[in-house]
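Inside the fold
One letter stands for each residue in the lines below.
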Amino acid sequence: DGGITQSPKYLFRKEGQNVTLSCEQNLNHDAMYWYRQDPGQGLRLIYYSQIVNDFQKGDIAEGYSVSREKKESFPLTVTSAQKNPTAFYLCASSGTGSSYNSPLHFGNGTRLTVT
Amino acid sequence: QKEVEQNSGPLSVPEGAIASLNCTYSDRGSQSFFWYRQYSGKSPELIMFIYSNGDKEDGRFTAQLNKASQYVSLLIRDSQPSDSATYLCAVNRGSTLGRLYFGRGTQLTVWP
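Conventions adopted
- Residues numbered from 1 in each chain as written.
- Chains lettered and ligands numbered in written order.
- Predicted model: local features only at pLDDT ≥ 70, side-chain atom pairs only at ≥ 80, totals over all residues.
- Heavy atoms only, no water.
- Pairing = 2+ DSSP bridges.
- Helix = DSSP H or I, 4+ residues; strand = E, 2+ residues; numbered from the N terminus.
- Axes fitted to C-alpha atoms, helices over the stretch in contact; angles between N-to-C directions.
- Contact = heavy atoms within 4.5 Å.
- Polar contact = N/O pair within 3.5 Å; in protein donor to acceptor, adjacent residues only side chain to side chain.
- Buried < 20%, exposed > 50% of the residue type's maximum accessible area, 1.4 Å probe, protein only.
- Phe/Tyr/Trp six-rings, centres within 6.5 Å; stacked < 30°, edge-to-face > 60°.
- Disulfide = S-S within 2.5 Å.

So, about the sheet that holds strand β7 (residues 61–66) of chain B. Residues and elements named next belong to chain B. Strand order across the open sheet formed by five strands is β1-β3-β8-β7-β6, with antiparallel pairing between neighbours. Each end of this open sheet is capped by a strand with a single partner; those strands are β1 (4–6) and β6 (54–58). Across the sheet, the axes of successive neighbouring strands diverge by a mean angle of 20 degrees, strand direction being ignored. The pairing of β7 with strand β8 (residues 71–76) spans six bridges and is classified as antiparallel.

To continue, consider the environment of serine 84 of chain B. All names here are of chain B. Tracing the sequence through the fold places serine 84 in the loop between β8 and β9 (85–92). Residues serine 84 and serine 40 lie 44 residues apart in sequence; the distance between their C-alpha atoms is 9.5 Å. Aside from chain neighbours lying at most four places away, what touches serine 84 is Tyr39, Leu108, Thr109 and Val110. Among the polar contacts made by the side chain of serine 84, one reaches the main-chain amide nitrogen of valine 110 at a distance of 2.9 Å.

Every regular strand shows the same layout, with side chains that alternate between the two sheet faces. Residues and elements named next belong to chain B. Burial along strand β11 (residues 106–111) is one-sided: Thr106, Leu108 and Val110 are buried, while Gln107, Thr109 and Trp111, pointing the other way, are not. Summarising the sheet, strand β2 (residues 11–14) and β11 pair through four bridges and their orientation is parallel. Across the sheet, residue leucine 11 finds its bridge partner in β11, namely leucine 108. Sheet topology note: the β9/β11 ladder contains three bridges and is antiparallel. The partner of tyrosine 87 across the bridge, within β11, is threonine 106.

Our next topic: the packing of aromatic side chains. With the rule as written, the count across this model stands at 11 aromatic pairs over all chains. Look at phenylalanine 106 of chain A and phenylalanine 102 of chain B: their rings are 6.2 Å apart centre to centre, the planes differ by 65 degrees, and that puts the pair in the edge-to-face class. With phenylalanine 106 of chain A in strand β10 (residues 105–106) and phenylalanine 102 of chain B in strand β10 (residues 101–102), this residue pair bridges two chains. Each member of the pair phenylalanine 106 of chain A and phenylalanine 102 of chain B is classed as buried.

Another point: the state of the cysteines. Residue and element names in this part refer to chain A. This model, assessed by the stated rule, comprises two disulfides over all chains. Linked covalently through their sulfurs, cysteine 23 and cysteine 91 form a disulfide whose S-S length is 1.9 Å. Residues cysteine 23 and cysteine 91 are joined by a disulfide whose S-S torsion is about -75 degrees; by sign, that bridge is left-handed. Within this pair, whereas cysteine 23 is found in strand β3 (residues 19–25), its partner cysteine 91 is found in strand β9 (residues 87–94), the two being separated by 68 residues in sequence.

Spelled out as structure tokens, the structure:
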């Protein structure tokens, strides 16, 4: 069954620690995305990648880093430089069809709490 | 001005009624428009998308697009309590393949 797997579902960290969120897809999609959602807020784009070994900053990239070494994987690292890391993190992918009509498919999300 | 604006709600309708959710967008070059449903604590799931002016129907859902007015809406007919969720409007501006801009969402409650 094709889909996007994010792990872990819940993550707790102490302030000052880096943490890496996993995202794997078996949909054979070229493009992958990381969004952040805060209570009462829409989804804000952190990073996206349209092809292996290439990625671009989104609207709120500061304090985050990514890599795209494989088509299937797009891990996100939340560094200690991120001022307010507690949030719900969503990974998504989209296919290579008619790009303007390609919807995003989301993973189940990782809820990160930093204390 | 935000890229995508939605009525924040909450919107409350009785079971069986029509729920109307609205969304406006700022970029006239926007190409396609998506509606996602998000249950509390869950990830968004796609309901439907539209890219041509007019109406598009899928079961109890109808998306309406008016590019001249930069307006897109979602109608839910025969609303059910299971439709209670937050509905997110998302827009592809066409400038970056696949990238979507999201509104803050409208919270819908359908009471029995």
